[in-house]
Amino acid sequence: MSLARRALPEDAAEVLRLRQVMIDSLGGGGGAGTTEWHAESLPTLRARLAEADGNFVAFVVDRPERPGTLAALAAGTLEYRMGRAGNPHGRVGHVFSVATDPDARRRGYARACVEELLTWFRERDAVHVDLNASAEAEPLYASLGFVRRPDPSMRMTL
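This text gives an overview of the structure that appears in the document. (Residues numbered from 1 in each chain as written. Predicted model: local features only at pLDDT ≥ 70, side-chain atom pairs only at ≥ 80, totals over all residues. Heavy atoms only, no water.)

Turning our eyes to something else, we now look at helix α2 (residues 37-50). With 14 residues, α2 extends 20 Å from end C-alpha to end C-alpha; this agrees with the ideal 20 Å at 1.5 Å per step. Along α2, the helix axis deviates most sharply at Pro 43, where the bend reaches about 30°. Turning to α2, its buried residues are His 38, Leu 42, Leu 45 and Leu 49. (Helix = DSSP H or I, 4+ residues; strand = E, 2+ residues; numbered from the N terminus. Expected span 1.5 Å × (residues − 1). Bend = angle between axes of the 7 residues up to and from the residue. Buried < 20%, exposed > 50% of the residue type's maximum accessible area, 1.4 Å probe, protein only.)

Have a look at this one:
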């Protein structure tokens, strides 16, 4: 039995708290240190966590010593990209917001969450799964079978 479970709507505040842990660990702006956005985001996240068959999911590990709080999180989406050879149906998984509270690290919690997320993608016939890895997390992802790729991606903020 896995340590991880699917996040429920009542976990939303803790899921946002762990997302903030991840954002803060990356530094360099992008919302680091600010939590004002949590209140506005909370209803949307609760609604998304309530969707049993949606394209978004989060897996979490409860803190055994602190009931009602979470130790780790991995969230992801199943995305559609136009089909191509090797993926005619265009199903692609994307992992994001993998976070563990600093005092709960090195216990296999993030691994358990990501493994459940990968199972969720497989059950939905995703052909591949993408993620962005920090240098600190890269060994975990490599041990799960992820490989670094040259990435020509660009971003524009609207």
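Next up on the list: the packing of helix α1 (residues 12-26) against α2. Contact pair α1 / α2: the axes reach a minimum separation of 9 Å and the direction vectors enclose 120°. Judged on the interaxial angle alone, α2 and α1 are oblique. Of the two possible hands of crossing, α1 and α2 adopt the one that is right-handed. Taken together, the residues of α2 that come into contact with α1 (itself represented by Ala 12, Ala 13, Val 15, Leu 16, Arg 17, Arg 19, Gln 20 and Ile 23) are Trp 37, His 38, Ser 41, Leu 42, Leu 45, Arg 46 and Leu 49. The residue inventory of the contact of α1 with α2, partitioned by class, reads nine nonpolar, three polar and three charged. (Axes fitted to C-alpha atoms, helices over the stretch in contact; angles between N-to-C directions. Parallel < 35°, antiparallel > 145°, perpendicular 65-115°, else oblique. Left-handed = near helix turned anticlockwise from the far one by under 90°. Contact = heavy atoms within 4.5 Å. Nonpolar A, V, L, I, M, F, W, Y, C, P; charged D, E, K, R; others polar.)

Here we take up the layout of surface pockets. Here the second largest pocket is characterised by a volume of approximately 190 Å³. Lining the second largest pocket are 13 residues, with Leu 16, Arg 19, Ser 41, Leu 45 and Phe 56 positioned closest to its centre. Here the element with the most residues in the lining of the second largest pocket is α2; it accounts for five residues. Partitioning the lining of the second largest pocket into residue classes produces eight nonpolar, three polar and two charged. (1 Å grid on protein atoms, 1.4 Å probe; cavity = no way out; pocket = protein on both sides within 12 Å on 5 of 7 lines; lining within 4 Å. Points joined across faces, edges and corners; volume = space filled by probe spheres on them.)

For Arg 106, which is not glycine, the phi dihedral falls at a positive 70°. Tracing the backbone shows Arg 106 in the loop between β4 (91-100) and α3 (109-123). For Arg 106, a relative accessible area of 79% translates into the label exposed. With a phi angle near 60°, Asp 125 is a residue other than glycine that sits in the positive phi range. Mapped onto the secondary structure, Asp 125 falls in the loop between α3 and β5 (128-130). The class for Asp 125 is exposed, based on a relative accessible area of 52%.

Attention now moves to α1. If you check α1, its first and last C-alpha atoms are 21 Å apart, about what 15 residues at 1.5 Å a residue would give, namely 21 Å. Residues of α1 that are buried make contact with α2, β2 (56-62), β3 (70-80) and β4. Downstream of α1 by one or two residues, Gly 27 has phi in the positive range, about 60°.

Turning to the side chain of Asp 101, a few remarks are in order. Mapped onto the elements of the fold, Asp 101 is located in the loop between β4 and α3. A relative accessible area of 7% means that Asp 101 is categorised as buried.

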